[in-house]
Amino acid sequence: MERSFEELVAEAAEVSVAGWDFSWLDGRATEQRPSWGYQRSLGERLARASAALDIQTGGGEVLAGAGAFPPVMAATESWPPNVAKATGLLHPLGAVVVADEDEPPLPFGNAAFDLVTSRHPVTVWWEEIDRVLRPGGTYFSQQVGPASVFELVEYFLGPQPADVRRSRHPEDARRAAEAVGWEVVDLRHETLRTEFFDIGAVVYFLRKVVWMVPGFTVGQYLEQLRELDRLIRREGAFVAHTTRFLIEARKPVG
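Now for a quick tour of the structure. Model, not experiment: these values are computed from the prediction. (Residues numbered from 1 in each chain as written. Predicted model: local features only at pLDDT ≥ 70, side-chain atom pairs only at ≥ 80, totals over all residues. Heavy atoms only, no water.)

As for the packing of helix α1 (residues 5-14) against helix α9 (residues 199-208)
And then number 1: Put simply, α1 and α9 touch, their axes get as near as 8 Å, and they point 25° apart. Considering their axes alone, α1 and α9 lie roughly parallel with respect to each other. The interaxial crossing formed by α1 with α9 has right-handed handedness. Seen from α1, the contacting residues are Phe-5, Leu-8, Val-9, Ala-12, Ala-13 and Glu-14; seen from α9, they are Ile-199, Gly-200, Val-203, Tyr-204 and Arg-207.
And then number 2: Classifying every residue of the contact of α1 with α9 gives 8 nonpolar, 1 polar and 2 charged. (Axes fitted to C-alpha atoms, helices over the stretch in contact; angles between N-to-C directions. Helix = DSSP H or I, 4+ residues; strand = E, 2+ residues; numbered from the N terminus. Parallel < 35°, antiparallel > 145°, perpendicular 65-115°, else oblique. Left-handed = near helix turned anticlockwise from the far one by under 90°. Contact = heavy atoms within 4.5 Å. Nonpolar A, V, L, I, M, F, W, Y, C, P; charged D, E, K, R; others polar.)

Put into structure tokens, the structure is as follows:
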């Protein structure tokens, strides 16, 4: 039998959103993946590193699945539930997880790492990453691009200003990397199809990805959720578009 709006919303409102594992959405939402295969590419770089740092590691799921770690492997995370989850997942694999507020300074010495990575960082502190990166070292990151999933954002919040829609542009990342003296060796951007097949998937997503609709609660957006539920049932899915970019930059030796 088809589940009611109330049942779907109640379930999604109660399930844990700790970590960065989206498997709860299997069969309920889909997101196209970038062609470059970040986790595989991350693993290739970890295999060549001697000391690596993964910033804003979330629950550690992506790093844990990337393959063997270098002799020195550290990760930072700010949200306490994720710190605990990442520690349990990464410590047995040989990585230390450090609780960090995601603001400078990073809790490491100068030139401590020859590889610094981050998947979907909320903020990138370029000068601080440069400080902990050794000369000749590499910064490798997949990031959320401009106006990502904005069909959903603007459904709840209305049309966003042009500067908000343009934020997180890959060219801004290029300029920031070059401003600290790095050479950008790779910069790629893709727009990818995302589909939500029931209203529970939408509620779960907005609870987990909290910056999409800041302060989201079911109660505050109840009527819009009901309307969206009717749209999904009528059309089979709510379609949005995710944007992602990959940046790889190298710090000069001299």
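Notes on the packing of α1 against helix α10 (residues 222-235)
And then number 1: Look at α1 against α10: their axes get within 11 Å of each other, and the N-to-C directions meet at 115°. Crossing geometry of α1 relative to α10 is assigned as right-handed. Across the interface between the two elements, Phe-5, Glu-6 and Leu-8 from α1 touch Leu-222, Leu-225, Arg-226, Asp-229 and Arg-233 from α10.
And then number 2: Among the residues forming the contact of α1 with α10, the class breakdown is 4 nonpolar, no polar and 4 charged.

So, a nonpolar patch on the surface
And then number 1: Taken together, the side chains of Val-122, Val-210 and Trp-211 present a nonpolar region at the surface, about 260 Å² in accessible area.
And then number 2: Its location among the elements puts Trp-211 in the loop between α9 and α10.
And then number 3: Taking relative accessible area as the criterion, Trp-211 reaches 36% and is therefore assigned partly exposed. (Patch = residues over 30% accessible without salt bridge, like charges linked within 9 Å, V, L, I, M, F, W, Y side chains within 5 Å. Areas by Shrake-Rupley, 256 points an atom, 1.4 Å probe, with all protein chains shown as cover. Salt bridge = Lys/Arg side-chain N within 4 Å of Asp/Glu carboxyl O. Buried < 20%, exposed > 50% of the residue type's maximum accessible area, 1.4 Å probe, protein only.)

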